[in-house]
Every structure is written in C-alpha cells, then in structure tokens.
Amino acid sequence: MAENHRNISQHNEKIFLLGIEKGQTRLEERLSNVRQAFNCQEVFYLENIASKLVADSIGLQEVDRIEMVERKFVEPQLRRGIEEDIPPSDYSVITDWLAGSSPGILVLVGQGGIGKTWVMMNLRSRVTLRTLGFSKPITKGVIFISSTDVTRGFAQVPVPDEYMTLYDLYCASCAAQDEEKRPTDLLSRETFYDALELGSLVIFIDGLDEIITRYRARFSAQSFFSDLTDRLTGDSDGKVVVSCRNIFFDQDEARFSFPYVETFELLGFDACRRSQFFHDALQGMPGRVSKALQLSDQMAALPSGLYVPFVLDLIKDLMLEQADETAVKFEGFSSNILDSTDLNDRIVGQFCQRETLKMLDPIRKLLVDDQVRIFCEIARHIAASRGKVDREALILIVSKVTGRKDAEGFADQLTAHPFIFCGYRPLCKSFLTHIDV
C-alpha cells in the first residue's frame, strides 16, 4: 500500500478496518502490528464492530430465555435429507456445522412433537453460552425468532406487501418483544444482513411451518431463500437455523435451487435415549420409571421402534404429578370424550390441545374432540378393512367429523399430527377404546 497508495499511507489520520480470518489467533497482536506498520490512528475488526452493534440492540434478551429449558437435554439422532434408507447421524453433525466455517441455512424438519423446539433452544444456548469452538474467535449474537412472536409482532407492525424476508420476521419478533416490555433497538436492514454475513449474528427461526400457514399469501420459499443467497455463499460466515414440520418443506427443491440449504430430519428417541430421559427426569423413583416405560410403549411408540419425545415429556409430568411433585404444571384440556382421570386419555388430550394451540389460523383449528373423533374413525376404518387409510379416505373422514367442505386442507394439516404416522394409522392404541364415540 505504501508504494501504490502513497497519499493514503502518508495520511496522519488513517483508520484501518480488517477482517478476521478463519482460524486466526493472536488478534490483538495483529492489530498492534498494523497500527505500527502504517502509523494509523485506529485499527478495528469489522466482525467486532458488528458484534458491538448487535449486542447493543439485543442486550441480554436471548440469555434470559435459556431458563425456559428445564429438562435435561438428551441428544437426539438425525438423518441427513429425508430418505429413510440413509443411516442416522449423531447430534454432533449439526453442532459441528454450527461451529464450522461453512455458511448456509440448516433446516431441521420433523413431525409434531419430535422435539424441534427443544433442539433449537439447545443450539441457541450453546451459541449464547459459548460452549462451541467456532472457527472465528468472535463474540456471536443470537436472535431467536419464534412463530408466536412473529404472529404477535405482525399485530403491531404491518405485514409486508411483498413476500416476507428474514428481516421482516426479525422486525415482527422485535415488535412482539417490545409489547412484552422488553424494548429493543431495531437493527437496520443493512446492519442486520452485514452482521449475519460476517458471522457476528446467528439467527434461529422456530416453527417456520406455522408462519407459512398463517401468512401463506405473503410467503414464498423461493423468494425467502433467494433473498439470502448473496449473504450465505462465497466467503460469508452467515448461519441461519430453521425448524419446520416435514410437509411444509420441499427438501428436493431446496437441494437443487439452494445448495447452501442443508436439511436434517430429527428422529424420535430410540429405546436407549428413552430410558436415559426417564432416568434423568425421575431420579430416585424406579417404580415411576418402570411405569413410564410401560406407558410410553402404549402411547409414544412409532412403528419404526422410536418414541415421540413430547409424549415422553407428558408421561414424565404425569409421573411427577403422581409423586406429588408440586413444581409440575399440567395444563387442562376441554373434552366430552376423554376421561381426565385416565392416564392414557390425559396424554391424548394434552397432545391434541397442543395441536389446537399451535394452529394459529382460527379457521383451521380442530378442537380436541374433533381430533379424537377423526382418530377413532381412522381406527374404525382400519379395524373394518385391515388396510391403510389413504388420503382420499382421510378427507372423507374429516368431512364426516367436521362437516366442513374444505376438508382437504384439514387432511393436509393432519398429516403432520403427532398421533398419525405413515398410512394415516393412529399412533395411539387407546383410540380403539373410544371407537364408538
């Protein structure tokens, strides 16, 4: 520079902006060397400037949410892509990606109740608490965007006229936090994307499927991912992690159109992880552990031999409640079919209530008893024909139970229900006991 840009090198008030190279160490020594070599007034790393702007904006809001993770985390298995013949991978495959140098979007897909939010919160806490060895030694800010915050936020700020971008979701999430008296200084669009590209900001979007369902007319996967192409390719250090139910994400389309999008399917717990979960949660209560294992075989077992984590969590809460653990908070549900004193029925009711609450579109809501009647009709169909329920049969069942003419949309919604698996067979055997409802 001294030879080619003499007018700059001889200036007395120079400020140098440097980029941190991957794997670089001795950062302060490099700053000192540049300052002395070029006799400059100040030397800064761009990543540190972006990190400071992010920290000033989000403050400690993301650290506070870590307290929401109360149960001990059990690392699940994952499968790259969505092909069933691909062997499962250990959890480290996504923590290594998060800590590594490759930019991109990691999409975690899975059926309802499989533990997507639990995994997202665990990954977020690992970034916030700095337990990952990142390839760049910089402080990373975290923005966690939940579908609930987006919905509440768009009640405060206008829904974009064009297709939604990542920045639009961020603005809506901030508006929801301001409503909760947690004011944030909104990052400008330019700063937001620059911080992402520099690796100073990691973004999590939990429940993209619920955002798509609520704002279908304003969401285009093609537009959403295209907006991020320049920010997540080349020399970028940007990382975005998204969770979404299987049926809302076309993995094949993403693979060919956006090679920087990596998809992993979150799998249920195997027998070993199920046992670990109950032993960790019910320490000192071997009788309760035994009962929990028995209930999980009845209520949470998938045909693959895996178990639905959310159902395991409900069973755990029931066991703690029976053990008079006063800290347990078990929400109620409204049903004229299910017996609130029956353990199996309580698990079914809780899960169906969860699905009702997750459906943000009031037109698409199915009450607990509607869901139970649908599952009972499926069980009746299977018992009578000894065959699977295809999509057309499911549409007829939904129409019969709900009386709705738009049953096709409800049928699509039910394909992601935790109590239905391939072939539209009900997961829970207890539906057979209510077959005459």
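Residues numbered from 1 in each chain as written. Predicted model: local features only at pLDDT ≥ 70, side-chain atom pairs only at ≥ 80, totals over all residues. Heavy atoms only, no water.

A. Summary view of the packing of aromatic side chains. Using the criterion set out here, one finds 18 aromatic pairs in the structure. With a centroid separation of 6.2 Å and an interplanar angle of 50 degrees, the aromatic rings of W118 and F269 are classed as tilted. With W118 in helix α6 (residues 116-128) and F269 in the loop between β8 (261-266) and α13 (271-281), this pair connects stretches of sequence that are 151 residues apart. F269 gets classed as buried once you look at its relative accessible area, which sits at 2%. Each ring, one from F258 and one from Y260, has its centre 6.1 Å from the other, and the planes form 65 degrees; the classification is edge-to-face. In textbook terms, an aromatic cluster arises when at least three aromatic residues are bridged by ring pairs, as seen for F73, Y91, W118, F269, F277 and F278. The ring of F144 carries the charged tip of R124 above its face, separated from the ring centre by 4.7 Å. It is K239 that lies over the ring of W97; its NZ or CZ is 4.3 Å from the centre. (Phe/Tyr/Trp six-rings, centres within 6.5 Å; stacked < 30°, edge-to-face > 60°. Helix = DSSP H or I, 4+ residues; strand = E, 2+ residues; numbered from the N terminus. Buried < 20%, exposed > 50% of the residue type's maximum accessible area, 1.4 Å probe, protein only. Lys NZ or Arg CZ within 6 Å of the ring centre and 35° of its normal.)

B. Fine view of a nonpolar patch on the surface. Among the surface-exposed residues, I15, L17, F44, L46, I49 and L53 lie close enough to one another that they form a single nonpolar patch of about 500 Å² accessible area. Among the elements of the structure, β1 (15-18) and α3 (46-58) are those that each provide at least two residues to the nonpolar patch. Per-element tally for the nonpolar patch: the top contributor is α3, with 3 residues. Position of L17 among the secondary structure elements: in strand β1. (Patch = residues over 30% accessible without salt bridge, like charges linked within 9 Å, V, L, I, M, F, W, Y side chains within 5 Å. Areas by Shrake-Rupley, 256 points an atom, 1.4 Å probe, with all protein chains shown as cover. Salt bridge = Lys/Arg side-chain N within 4 Å of Asp/Glu carboxyl O.)

C. Here's a closer look at the nonpolar core. Ranked by internal contacts, the top residues of the largest apolar core, which has 76 residues, are I94, L98, L123, F204, V311 and I374. L123 has contacts with Y91, I94, T95, L98, L108, F204 and V241, leaving out every residue within four places of it along the chain. If you look at the next biggest cluster of nonpolar residues, it comprises 41 residues, including V109, L169, A172 and Y193. (Core = buried A, V, L, I, M, F, W, Y, C linked by side-chain atoms within 4.5 Å. Contact = heavy atoms within 4.5 Å.)

D. Broad picture of the confidence of the model for the protein chain. Looking at the protein chain as a whole, its pLDDT mean stands at 80, while 80% of the residues score no less than 70. Across residues 60-69 the pLDDT falls below 50, and counting only partners more than four positions away or on other chains, this stretch makes 21 contacts in the model. (pLDDT = per-residue confidence, 0-100.)

E. Representation of helix α18 (residues 391-402) in the model. Counted at 1.5 Å a residue, the expected span for α18 with its 12 residues is 16 Å, and the 16 Å between its end C-alpha atoms agrees. For α18, the set of buried residues is A393, L394, I395, I397, V398 and V401. Positive phi shows up at G403, right after α18, with a value of about 70 degrees. (Expected span 1.5 Å × (residues − 1).)

F. Focus on helix α9 (residues 189-198). Among all positions in α9, only F192, Y193, A195 and L196 are buried. The buried residues of α9 occupy one face: seen down the axis, they fall within an arc of 160 degrees. Looking at the residues trailing α9, positive phi occurs at G199, about 85 degrees. (Arc of directions from axis to C-beta.)

G. Quick look at the pattern of salt bridges. Scanning the model with the defined rule gives 13 salt bridges in all. D297 is paired through a salt bridge with R274; the nearest N and O atoms lie 3.0 Å apart. Taken together, the residues D297 in helix α14 (residues 286-299) and R274 in helix α13 connect sequence positions 23 residues apart. Overall, the relative accessible area of 36% leaves D297 in the partly exposed class. Note that E321 is salt-bridged to R346, the shortest N-O span being 2.7 Å. Here R346 lies in helix α16 (residues 343-358) and E321 lies in helix α15 (residues 309-322), a separation of 25 residues in the sequence. On the basis of relative accessible area, E321 is assigned to the partly exposed category, the value being 30%.

H. Representation of the environment of V389. Among the secondary structure elements, V389 is positioned in the loop between α17 (368-385) and α18. For V389, a relative accessible area of 1% puts it in the buried group. Sequence-wise, V389 and A379 are 10 residues apart; in three dimensions their C-alpha atoms are separated by 9.2 Å.

I. How the structure looks around the environment of G153. With respect to the helices, strands and loops of the structure, G153 is situated in helix α7 (residues 147-153). For the pair G153 and D178, spaced 25 residues apart in sequence, the C-alpha separation works out to 8.9 Å. Not counting residues within four places of it along the chain, the set of residues in contact with G153 comprises A172, A175 and A176.

J. Quick peek at unusual backbone geometry. At R130, a residue that is not glycine, the phi angle is positive and equals roughly 60 degrees. You can see R130 is positioned in the loop between α6 and β5 (141-146).

K. Molecular detail of the pairing of strand β4 (residues 104-110). Counting buried positions over the 7 residues of β4 gives 7, a clear majority of the element. Residues G104, L106, L108 and G110 line one face of β4 and the alternating positions I105, V107 and V109 line the opposite face, and both faces are buried. Relative to strand β7 (residues 239-245), β4 runs parallel, the two sharing 7 bridges. Each bridged residue has a counterpart across the sheet, and for I105 the counterpart in β7 is V240. In the sheet, β4 pairs with β8 via 5 bridges, with the strands oriented parallel. From the neighbouring strand, L106 faces β8, where its bridge partner is E262. (Pairing = 2+ DSSP bridges.)

L. Main features of the sheet that holds β8. As summarised here, the arrangement of the 6 strands in space is β3-β8-β4-β7-β6-β5, forming an open sheet in which the pairing is mixed. Each edge of the open sheet is held by one strand with a lone partner, namely β3 (78-80) and β5. In this sheet, neighbouring strand axes are inclined to one another by 20 degrees on average, regardless of whether the strands run parallel or antiparallel. Examined bridge by bridge, β5 and strand β6 (residues 201-206) share 6 bridges and lie parallel to one another. Each bridged residue has a counterpart across the sheet, and for G141 the counterpart in β6 is L201. (Axes fitted to C-alpha atoms, helices over the stretch in contact; angles between N-to-C directions.)

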